[in-house]
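Structural characterization, general
Below are the chains, spelled out letter by letter.
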Amino acid sequence: MYKILLPILSFCLVSVGCTPSGPPLGKVSGKVTIDGKPASNVDVMFAPVDGGRSSTGTTDSNGQYVLAFSTTDRGALLGAHEVVIRNATPTDMNDPDAPMVSTGMVSNEVATIKKKVDVQSGDNTIDLAYP
């Protein structure tokens, strides 16, 4: 049995390193504006058109966001995405019974807008302007 496993293990270590590599991601950042003003405290979600895990980010006080694919990986899957924005809904982390509070400037009308964007390999700056 070891005669079979040793060549397979050696091949794995030499050729691919035996480490899991995630899907190819493009780093994505940008600015969200609504009516020409920076949109602060807004959640941005990129959903791959062909399926797969979405990426999300939250804008800062200048409307800037950076997408995260997971807790350890930044970016979004390569390819076409539909983008939606929503008001961020923070809770009081010290009080699990605290109600969700919606803050931000995304109206219901803007929240229904789906923008189409393409994420490519490398760095992507994708600014999102809403009416």
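Residues numbered from 1 in each chain as written. Predicted model: local features only at pLDDT ≥ 70, side-chain atom pairs only at ≥ 80, totals over all residues. Heavy atoms only, no water.

**Some details on the overall build of the protein**
Which entries qualify depends on this criterion: For helices the rule is a DSSP run of H or I covering at least 4 residues; for strands it is a run of E covering at least 2, with both sets numbered from the N terminus onward. We call two residues in contact whenever any of their non-hydrogen atoms come within 4.5 Å of each other. Only the protein chains shown count as cover for residues, and all accessible areas are computed by the Shrake-Rupley method using a 1.4 Å probe.
Helix and strand counts for the protein come out as two helices and 10 strands. Within the protein, contacts between residues at least 6 apart in sequence are counted, and of these 61% link residues at least 24 apart. Of the accessible surface of the protein, which amounts to about 8600 Å², a share of 57% is contributed by carbon and sulfur atoms.

**Looking at the pattern of salt bridges**
Stated precisely, the cut-off is as follows: Here a salt bridge means any side-chain nitrogen of Lys or Arg lying within 4 Å of a carboxyl oxygen belonging to Asp or Glu. Think of it in three bands: residues with accessible area under 20% of the maximum for their type are buried, residues over 50% are exposed, and the middle band is partly exposed, with areas taken using a 1.4 Å probe on protein chains only.
In the structure shown here, the tally under the stated rule is two salt bridges. A salt bridge links Lys116 to Glu82; the nearest nitrogen and oxygen atoms lie 2.7 Å apart. Residue Lys116 is located in strand β8 (residues 115–119), and its partner Glu82 is located in strand β7 (residues 79–87); the two are separated by 34 residues in the primary sequence. Note on Lys116: relative accessible area 61%, which makes it exposed.

**Some words on the packing of aromatic side chains**
How two aromatic rings sit relative to each other is set out by the distance from centre to centre and by the angle between their planes. So the rule is basically this: A pair of Phe, Tyr and Trp rings is counted when the ring centres sit within 6.5 Å of each other, with Trp represented by its six-membered ring. The angle between the planes then sorts it: under 30 degrees is stacked, over 60 is edge-to-face, the rest tilted. Each ring is checked for a lysine NZ or an arginine CZ that lies within 6 Å of its centre and within 35 degrees of its normal; such an atom marks a charge sitting over the ring.
If you walk through the whole model with that rule in mind, you get one aromatic pair. The residue whose ring lies beneath Arg53 is Phe69, and the NZ or CZ to ring-centre distance is 4.8 Å. Here the basic side chain of Lys115 rests over the ring of Tyr130, its NZ or CZ set 4.7 Å away from the ring centre.

**Observations regarding the sheet that holds strand β4 (residues 55–58)**
Here is the rule: Any two strands between which DSSP finds at least two bridges are classified as paired. To define axes, lines are fitted to C-alpha atoms, for helices over the stretch in contact only, and angles between the resulting N-to-C directions are given on a 0 to 180 degree scale.
Read from one edge to the other, the open sheet built from four strands follows the order β4-β3-β7-β8, with strand pairing classed as antiparallel. Two strands close off the open sheet at either side, each with one partner strand: β4 and β8. Direction aside, neighbouring strands of the sheet carry axes that sit 30° apart on average. By the bridge criterion, five bridges tie β7 to β8 in an arrangement that is antiparallel. Of the residues in β8, the one forming a bridge with His81 is Val117.

**Some points on the confidence of the model for the protein**
To be explicit about the condition: The pLDDT value expresses, per residue, how confident the predictor is, ranging between 0 and 100.
Predicted confidence across the protein gives a mean pLDDT of 84, with 73% of residues reaching 70 or more. Predicted confidence is poor over residues 5–19, with pLDDT under 50, and the contacts of this stretch with residues over four places away or in other chains come to five contacts.

**A few points about the pairing of strand β1 (residues 25–34)**
As judged from the two bridges shared by β1 and strand β6 (residues 76–77), these two strands associate in the antiparallel manner. Its bridge partner lying in β6, Gly26 is registered against Ala76. Pairing analysis gives three bridges linking β1 to strand β10 (residues 128–130), with the strands arranged parallel. Counted as the bridge partner of Ile34 is Tyr130 from β10. Of the strand pairs in this sheet, β1 and strand β2 (residues 37–38) are connected by two bridges, and their pairing is antiparallel. What sits directly across from Ile34, in β2, is Lys37. Count of turn residues in the β1/β2 antiparallel hairpin: two residues, of which Asp35 carries a positive phi of about 55°.

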